[in-house]
Amino acid sequence: MTDDDIHGLVGAYVVDGVDDVERARFEAHMTHCSQCRDEVASLRAAASELTSVTLATPPSSLRASVLREISSVRPLPPRVTPEQDSSPEPTVSPAAPPAAPAAPAPASLESKRAERSRRAPLRQWLSGVAAAVVLVTGGLAWHPWSSDTKAVQLTATQQVLQAKDAQRFEAKVASGTATIVRSASLKKAVIVTANMPAAPDGKVYELWLQQGTDMVRAGLMPGGPSNTVLIEGDAATAAGVGITVEPSGGSDAPTLPPVALITFA
């Protein structure tokens, strides 16, 4: 997946329009891309403006139309093209001196124009998707943003990843990486893995929170090289996170030395 591809997932991620692999890759990307984190926050704010939509009776053709068309829509990364002046050149009388060239727009103005050009397609796409994900039940159209909701609800994992006090800690695990994102105010942590080697047959990766001298069970990692998992337990009081290889189903205490020990320091 190229940089343009991963940046282009912003809108789909906001409306939960990505699969598990894309979600894991994008959330791993967000840990070091402030631009995408800002874009996600901006689009969530735009989505919250849709709360004025109320129940209505949709046309009978709506469901079939949405199901037919939705698979053909794929968000593309925004393109910023230089603004061109298409107006014809002014006619200059032979007796009149040539008009002085217009002064170039200040750099700050050009950057603002480019920013508006970049954001507009995403906002328009978000509004279109919000309308397309209407669910038709019993002759009524329902949308996920109820009229009395002031903001889009975030999952616990998303709250940690976007927390203002989020801290990030990274470690290598063989050929892969494991990034821990911790929010002390939420008392939670999330692990984001990329290119993790598979656990041996009959084994599983198990997570542990280091509480003093004890390693406390904190959940199991699902299969696959790239995952985003909410770590169980109080991460605010922990000194770090350990990853061990355990028998399928996990263990009550680590049976082998950790393959990675990520300290919060």
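As the structure is a computational prediction, the values presented were derived from the model and not from experiment. Residue positions are given per chain, counted from 1 along the sequence in the order it is written. Per-residue local features are limited, in this predicted model, to residues with pLDDT of at least 70; the limit for side-chain atom pairs, both in listing and counting, is 80 or more; totals at the level of whole chains, interfaces and linings are taken over all residues. Only heavy atoms go into the side-chain values, all of them from the structure, while hydrogens and water stay out.

Student: Which residues make up the overall build of the chain, and what are the values?
Tutor: Across its full length, the chain holds 7 helices and 10 strands. Summed over its atoms, the accessible surface of the chain is roughly 15,800 Å², and 56% of this surface lies on carbon and sulfur atoms. Starting at the N terminus, helices and strands are each numbered in turn, a helix being any DSSP run of H or I of at least four residues and a strand any DSSP run of E of at least two. Per-residue and other accessible areas follow the Shrake-Rupley method at a 1.4 Å probe size, with only the shown protein chains counted as cover for residues.

Student: A description of the sheet that holds strand 7 (residues 214–220) should follow, citing residues and the corresponding values.
Tutor: Whether two strands pair comes down to DSSP finding at least two bridges between them. Strand order across the open sheet formed by 4 strands is 7-6-9-10, with antiparallel pairing between neighbours. A strand with exactly one partner marks an edge of an open sheet, and here the two such strands are strand 7 and strand 10 (260–263). Pairs of neighbouring strands in the sheet enclose a mean axial angle of 30 degrees, with direction left out of account. Axis lines are fitted to C-alpha atoms, over the contacting stretch for helices. Their N-to-C directions set the angle, which ranges from 0 to 180 degrees.

Student: Summarise the side chain of Asn227; cite the residues concerned and give the values.
Tutor: Inspection of the secondary structure assignment puts Asn227 in strand 8 (residues 227–231). Only protein chains enter the area calculation, which uses a 1.4 Å probe; residues under 20% of their type maximum are buried, those over 50% are exposed, and those in between are partly exposed. Residue classification places Asn227 among the buried residues on the basis of a relative accessible area of 11%. At a separation of 3.4 Å, a polar atom in the side chain of Asn227 contacts the main-chain carbonyl oxygen of Gly223. Contact between two residues is taken to exist if any of their heavy atoms lie within 4.5 Å; hydrogens are not considered. If we ignore the near neighbours within four places in the chain, the residues touching Asn227 are Ala24, Ile191, Val192, Thr193, Met221 and Pro222. Contacts described as polar in this section are N or O atom pairs within 3.5 Å, which, within protein, must combine one atom able to donate a hydrogen with one able to accept it, while residues neighboring in sequence count only if both atoms come from side chains.

Student: Summarise the confidence of the model for the chain; cite the residues concerned and give the values.
Tutor: A residue's pLDDT is simply how confident the predictor is in it, with values from 0 to 100. Chain-level pLDDT for the chain is 75 on average; 63% of the residues reach the 70-or-more range. Note on residues 83–87: pLDDT is under 50 here. Beyond four places in sequence and across chains, it has 1 contact. Long-range and interchain partners of residues 131–151, a stretch whose pLDDT sits below 50, account for 34 contacts in this model, where long-range means more than four residues apart.

Student: Please set out the nonpolar core residue by residue, giving values where relevant.
Tutor: Buried Ala, Val, Leu, Ile, Met, Phe, Trp, Tyr and Cys residues that are joined via side-chain atoms within 4.5 Å together make up what is termed a nonpolar core. By size, the foremost hydrophobic cluster in this structure holds 23 residues, and its most contacted members are Ile180, Ile191, Leu207, Ile231 and Ile243. Of all the secondary structure elements, the ones that give two or more residues to this core are strand 3 (167–173), strand 4 (176–183), strand 5 (188–194), strand 6 (203–211), strand 8, strand 9 (240–247) and strand 10. Apart from the residues within four sequence positions on either side, Ile191 is in contact with Ala178, Thr179, Ile180, Leu207, Met221, Asn227, Thr228, Val229, Ile231 and Ile243. In this structure, Ala12, Tyr13, Val18 and Phe26 belong to the second largest nonpolar core, which totals 14 residues.

Student: Talk me through the pattern of salt bridges; I want residue IDs and the actual numbers.
Tutor: A carboxyl oxygen of Asp or Glu within 4 Å of a side-chain nitrogen of Lys or Arg is what we treat as a salt bridge. For the coordinates displayed, the defined rule picks out 3 salt bridges. Where Arg23 meets Asp16, a salt bridge forms, and the shortest distance between an N and an O atom there is 2.3 Å. Judged by relative accessible area, which is 54%, Asp16 ranks as exposed. In this structure, the salt-bridge partner of Glu206 is Arg217, at a minimum N-O distance of 2.9 Å. With Glu206 in strand 6 and Arg217 in strand 7, this pair connects stretches of sequence that are 11 residues apart. The partly exposed category is assigned to Arg217, whose relative accessible area is 37%. One network of salt bridges, in which partners are shared, links Glu206, Arg217 and Asp252.

Student: Mind laying out the pairing of strand 7, listing which residues take part and the relevant values?
Tutor: Of the pairings in the sheet, the one linking strand 6 to strand 7 comprises 5 bridges and is antiparallel in character. Bridge pairing in strand 7 links Trp208 to Arg217. Hairpin remark: strand 6 followed by strand 7, antiparallel, with 2 residues in the connecting loop; positive phi at Gly212, about 65 degrees.

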